[in-house]
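Close look at the chain arrangement
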Amino acid sequence: MAQPAHIQTFNLFGESQDLPDVVHCETIETRSVLHDWELSAHRHARLHQVLFVESGDGTASLDGAEHRLAAMHLVNVPVGIVHGFRFDPGTAGLVVTLAAEMLDEALQPGEGLRPVLNRPAMISADEACIATMRGIACEFAARSFARAQVLRSLAGVLLGQIARSLADTAPPQDGPAAPDLLTRFETLLETHFPKHWTVANYADALAVSTTHLSRVTRNATGRPATLLIEERLVREARRNLVYTNLPVQTIGYALGFQDPAYFSRVFSRATGMSPRAFRARVQAAG
């Protein structure tokens, strides 16, 4: 697979515009045929993807590891993972894309699914996963009443099924792996992001320098620690805009923003639209 000059970050491949739905579904052909069936190495800052290869062949690159694509297999692509695909022309299948706030809503911290789902992998597609992905495709294409609710529910089912399959295929471990710096940073981030901790605050808590912390996050995700902190705040804002009817100003205050105008500027810089415009777009899509 050809090496790009630099790794690009997209929402959907080739697009910088924010994902309109919390769930998106399209065929493999939809985007691949526009790029001669080859999607160069890229990452998604706020999206988790699951690909189902129904027929055809090709190659997947997941964080530098090459995998031979095969029919009736699934590819799990977590948020931030660098990945690329080269499909044989005519390859058929589905791509389900889940917004990060969907994972925040669906995954309970104590159940252990998120660490499993954060593992990029190719696995055999069982009948249950295939049926769920096809159900998502049908519901996504329709515009029936309660469409958004059904899509969210099916996405939660798919995440559970993928996590179960990944757990069943995970190699045995001699003992629990010690958390690395990025994992410890992410754990702290979940607790302290509403307090608007700075990179220095996190670095002090982790007993490392701010430079080292940002180097680690940049190497792992392509983004410095400052941007990951902002993205977590914005992701929580997106989640509240999607799943609650709280006023925008109230959401901003709850996330530690003292100035509603500043909250709107931060959100607009990250997503390309104001909080009100984002909410309106998601509601229209649902």
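Provided above is the structure to which this section pertains.
Here's what I pulled together on the structure shown here. (Residues numbered from 1 in each chain as written. Predicted model: local features only at pLDDT ≥ 70, side-chain atom pairs only at ≥ 80, totals over all residues. Heavy atoms only, no water.)

Turning to its location among the elements, arginine 143 is positioned in the loop between helix 4 (127-141) and helix 5 (147-169). One polar contact links the side chain of arginine 143 to the main-chain carbonyl oxygen of phenylalanine 140, over a distance of 3.0 Å. (Helix = DSSP H or I, 4+ residues; strand = E, 2+ residues; numbered from the N terminus. Polar contact = N/O pair within 3.5 Å; in protein donor to acceptor, adjacent residues only side chain to side chain.)

Tracing the backbone shows histidine 44 in strand 3 (residues 38-44). Within polar-contact distance, the side chain of histidine 44 engages the side chain of glutamine 49 at 3.1 Å. Of note is the side chain of histidine 44, whose polar atom sits 3.3 Å from the side chain of histidine 83.

This brings us to the packing of aromatic side chains. Under the definition given, this model contains 7 aromatic pairs. Their ring planes at 50° and their centres at 5.1 Å tell us that phenylalanine 257 and phenylalanine 263 sit as a pair that is tilted. In terms of burial, phenylalanine 257 and phenylalanine 263 fall into one category: buried. Look at phenylalanine 267 and phenylalanine 278: their rings are 5.6 Å apart centre to centre, the planes differ by 65°, and that puts the pair in the edge-to-face class. Residue phenylalanine 267 is found in helix 11 (residues 260-271), and its partner phenylalanine 278 is found in helix 12 (residues 275-285); the two are separated by 11 residues along the sequence. Accessibility assignment for this pair places phenylalanine 267 and phenylalanine 278 in one class, buried. (Phe/Tyr/Trp six-rings, centres within 6.5 Å; stacked < 30°, edge-to-face > 60°. Buried < 20%, exposed > 50% of the residue type's maximum accessible area, 1.4 Å probe, protein only.)

What follows is about the nonpolar core. Counting residues in each nonpolar core, the largest one holds 57 residues, and the members touching the most others are Val23, Leu74, Phe185 and Leu213. Of the residues forming this core, the biggest block, 8 residues, is contributed by helix 9 (residues 225-243). Apart from the residues within four sequence positions on either side, valine 23 is in contact with Val96, Thr97, Leu98, Met102, Ile136, Phe140, Leu151 and Ala155. In this structure, Leu51, Ala60, Val77 and Phe87 belong to the second largest nonpolar core, which totals 13 residues. (Core = buried A, V, L, I, M, F, W, Y, C linked by side-chain atoms within 4.5 Å. Contact = heavy atoms within 4.5 Å.)

That is the geometry; function is a separate question.
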